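Below are the chains, spelled out letter by letter.
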Amino acid sequence: MSEPILRVEDLQTSFMTSAGEVQAVRGVSFTVHKGEILGIVGESGSGKSVTSMSVLRLLADTARIKSGKVEFEGTDLTKVSDRQMREIRGQKIAMVFQDPMSSLNPLIPVGKQVAEMIRVHHPDIKPDELKEKTLQLFKDVRIPEAEKRLKAYPHEFSGGMRQRVMIAMALANHPDLLIADEPTTALDVTIQHQILKQMRALQQEYGTSIIFITHDLGVVAELCDRVVVMYGGLVMEQANIYDLFENPLHPYTMGLLASVPGLNKDKNERLQSIPGSPPDMTRPPKGCPFASRCAYARSICAQECPPFVEVGSRSARCWLLQPDAPAEGNPLHEKLAKAKGGAG
Ligand code: SF4
């Protein structure tokens, strides 16, 4: 595996609301390697977006990183000044969000907005070179009639084209890391597929590492190399894409997979949704956060949060995966044995 570019260690982020402190991220650790696409997946409220916003230090005024490290290329981003952080954002770490309309200025032609992104980090660039670079970015993200469309305004673009402009903007300074938070959720499936294909091609061309935040395991299957599954502000499972889809270890991951059409299912198998709802993060459960929805829960599950069990390069936290969990009547025993058999 290539060297790490980002190491998040025991990150804890909370924000204050009228209902009290929301413990959105409760000790999250993961690593992104150079040139890798890491998917962070989970339902709404799992803490995945707050995790990415903590990495970028783009949290609301009411939010606070309480502890932990975000080490990017050897620098702890929780410790750098706001000025340094602004320089890192846009130049070394870029982002793409779900709603391009809220990120684009409706009164300025899109070409000018992309060019400005380049100019801000290269103030001495000559106008001809700036135009050429902007045009090349439009071509890279496959905007048809690129030269003509540099002068168009955001409202003259479709949703998919606006998202391509956002990706062009994010890639303008060849960032080392791109964080994309549900960038294709609002788009129809065909456009979504085209954009994911494009992101994969650009990642290969530019060598950019990507964190892709999504609730959609179908998208993860199409794009990512490795996956972090989050629930209740915690990481529940981490694995490479093949292991996760072939042999999910955590009951929550199994539930997510059962609700995605077309993944590992025969035609007659029915889709299942996970009954129940995520925990209230103003009062997070002291045990496993998934206990109230888990078909396999035991009495210990509501009492204590399980530690991670590592199997080769993957890990998951569940009491039924612990080395001392009895094999008899244990629905995860075979899965664990299979994972151990395949672990190098
Ligand atoms: Fe289910 Fe218990 Fe495992 Fe949590 S620890 S996923 S509640 S079996």
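Residues numbered from 1 in each chain as written. Predicted model: local features only at pLDDT ≥ 70, side-chain atom pairs only at ≥ 80, totals over all residues. Heavy atoms only, no water.

> Outline helix α12 (residues 333-342), listing residues and values.
Residues K335, L336 and A339 constitute the buried set of α12. Taken end-on, α12 shows its buried residues confined to a sector of 100°, consistent with a single buried face. Exposed residues lying more than 90 degrees from the buried face of α12 are E334, K340 and G341. Buried residues along α12 sit in contact with α11 (251-258), β11 (308-311) and β12 (314-317). (Buried < 20%, exposed > 50% of the residue type's maximum accessible area, 1.4 Å probe, protein only. Helix = DSSP H or I, 4+ residues; strand = E, 2+ residues; numbered from the N terminus. Arc of directions from axis to C-beta. Contact = heavy atoms within 4.5 Å.)

> Describe the packing of aromatic side chains, and please don't skip the residues or the numbers.
The tally for this structure, following the rule as stated, stands at three aromatic pairs. Considering the side-chain rings of Y231 and Y252, the 4.5 Å spacing of their centres and the 50° angle between planes classify their relative orientation as tilted. With Y231 in strand β9 (residues 226-231) and Y252 in helix α11, this residue pair connects regions lying 21 residues apart in the sequence. Like Y252, Y231 is buried. Judged by centre distance (5.2 Å) and plane angle (65°), the ring pair of Y252 and F290 falls under edge-to-face. With a gap of 38 residues between them, Y252 in helix α11 and F290 in the loop between α11 and β11 connect regions that are remote in the sequence. (Phe/Tyr/Trp six-rings, centres within 6.5 Å; stacked < 30°, edge-to-face > 60°.)

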